[in-house]
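Fold and geometry: a report
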Amino acid sequence: MAAAELGSIRICVVTGGGSEAWSVINHLADHGAAVSVIVEKREPKRLMLRRRLRLCGPRAAAGQFIAMCALSAARILVAPRISEVFARGGADIRRRQDYAVIDVETVNSLKTTATIDRLSPHVVLCIGCRLMSRSTIDQIAAPLLNLHPAILPQYRGHHGGYWALASGDCDNFGCTVHFVDSGADTGTIVRQVRGRPLPGDTILTYHARLALLAAPLAVLAVKDVVERRVPHCPDIRPSGAHRYQPSPTQYLKAGFKRGVW
């Protein structure tokens, strides 16, 4: 791809950070986009747990919380392997100095919407941030996209790549760019890409593998939207269930039954 393929298109990325997000952001910048980045703080675990208790009940929420803590600890141990996946894919995962980075408490804040308004981007792209409220969405004039590391509508929510493999649905290991609406991963699909994990990949590296697929997908999706090649029909409701981290029991079952770890 040519370095100026995006032709100085102004993109405001809203993210919670992380290697996966920076790899996509840097890919956009390297392909000519005028990138600005809004980084929100991570949601406190107690708030996440409280919400999961309300949505899923105590038993399911407890299993998800245990899995989340275990995965966080395990990611530290396999950080060299994750870095190797990115390096072999030619990805740059640094938080660089060649674009503006603005830190906010939460995506649903006046500072976020005021910053987006000041930047006047052609497109706003969400990568791994919290769900936007209806009032926040309504205050953003630019087309609002989300980069989801799974195939929609089948795999809404968390760890969609893992769930596709664990369900025996290997052909739906991939990523989706879609418009943001008032639901969770329910907006109109712009583009999708499918791929395959490599031997040695696990739930700890699937996100890195998917980020390598997502970077060129984001370039194409942004061009489609800016050049008005896709319809914007918000609030279309797909049928896929919202998924969370696998519980320890679900993880072990998929591992022994399908060899998906």
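For the structure itself, consult the block above.
The paragraphs below set out a description of the structure included in this document. Values in this document were obtained by computation on a predicted structure and should not be read as measured data.

A few points about the overall build of the chain
Regarding its fold elements, the chain presents nine helices and nine strands. Taken against the 2.2 N^0.38 rule, which gives 18 Å for 261 residues, the C-alpha radius of gyration of the chain at 18 Å falls within 12% of a compact globule. For the chain, the spread of C-alpha atoms along the principal axes amounts to about 50 × 40 × 35 Å. Considering only residue pairs separated by 6 or more positions, the chain has 72% of its internal contacts joining residues 24 or more positions apart.

Things to note about helix α5 (residues 110–119)
For an α-helix, the turn length of 3.6 residues means that residues three or four places apart are oriented alike. Turning to α5, its buried residues number three or more, namely Thr112, Thr113, Thr115 and Ile116. Along α5, the residues classed as buried sweep out an arc of 160 degrees about the axis, all on the same side. Exposed side of α5, more than 90 degrees from the buried face: Leu110, Asp117 and Arg118 are the residues found there. The inward-facing, buried residues of α5 abut β1 (10–15), β2 (34–40), β3 (100–104), β4 (123–127) and α6 (134–138).

Here we look at the nonpolar core
Formed by 47 residues in total, the largest nonpolar core has its most connected members in Ile11, Ile25, Leu28 and Val35. A per-element tally of this core places helix α8 (residues 206–226) first, with ten residues. Filtering out sequence-adjacent residues up to four positions away, Leu28 remains in contact with Leu6, Ile11, Val13, Ala33, Val35, Leu125, Ala218 and Val219. Core analysis: the second largest hydrophobic core is formed by 15 residues, Val14, Ile38, Ile102 and Ile116 among them.

Some words on the side chain of Arg156
Within the fold, Arg156 resides in strand β6 (residues 156–157). Although Arg156 is buried, it forms no salt bridge, and the closest oppositely charged side chain is Asp185 at an N-O distance of 5.4 Å. Of note is the side chain of Arg156, whose polar atom sits 2.9 Å from the backbone oxygen of Ala184.

As for unusual backbone geometry
Leu152 connects to Pro153 through a cis peptide bond whose omega is 5 degrees. For Pro153, the position within the fold is in the loop between β5 (144–148) and β6. In this structure, Ser8 is a non-glycine residue whose phi angle is positive, near 65 degrees. Looking at the element boundaries, Ser8 is found in the segment before β1. Positioned with a positive phi, Arg228 is a non-glycine residue whose angle comes to about 60 degrees. The residue Arg228 is located in the loop between α8 and β9 (242–243) in this model. Taking the relative accessible area as the measure of exposure, Arg228 reaches 76% and is therefore exposed.

Each value, and the rule that gives it
Residues numbered from 1 in each chain as written. Predicted model: local features only at pLDDT ≥ 70, side-chain atom pairs only at ≥ 80, totals over all residues. Heavy atoms only, no water. Helix = DSSP H or I, 4+ residues; strand = E, 2+ residues; numbered from the N terminus. Rg over C-alpha atoms; globule rule 2.2 N^0.38 Å. Contact = heavy atoms within 4.5 Å. Buried < 20%, exposed > 50% of the residue type's maximum accessible area, 1.4 Å probe, protein only. Arc of directions from axis to C-beta. Core = buried A, V, L, I, M, F, W, Y, C linked by side-chain atoms within 4.5 Å. Lys, Arg positive; Asp, Glu negative; His and termini not counted. Salt bridge = Lys/Arg side-chain N within 4 Å of Asp/Glu carboxyl O. Polar contact = N/O pair within 3.5 Å; in protein donor to acceptor, adjacent residues only side chain to side chain.

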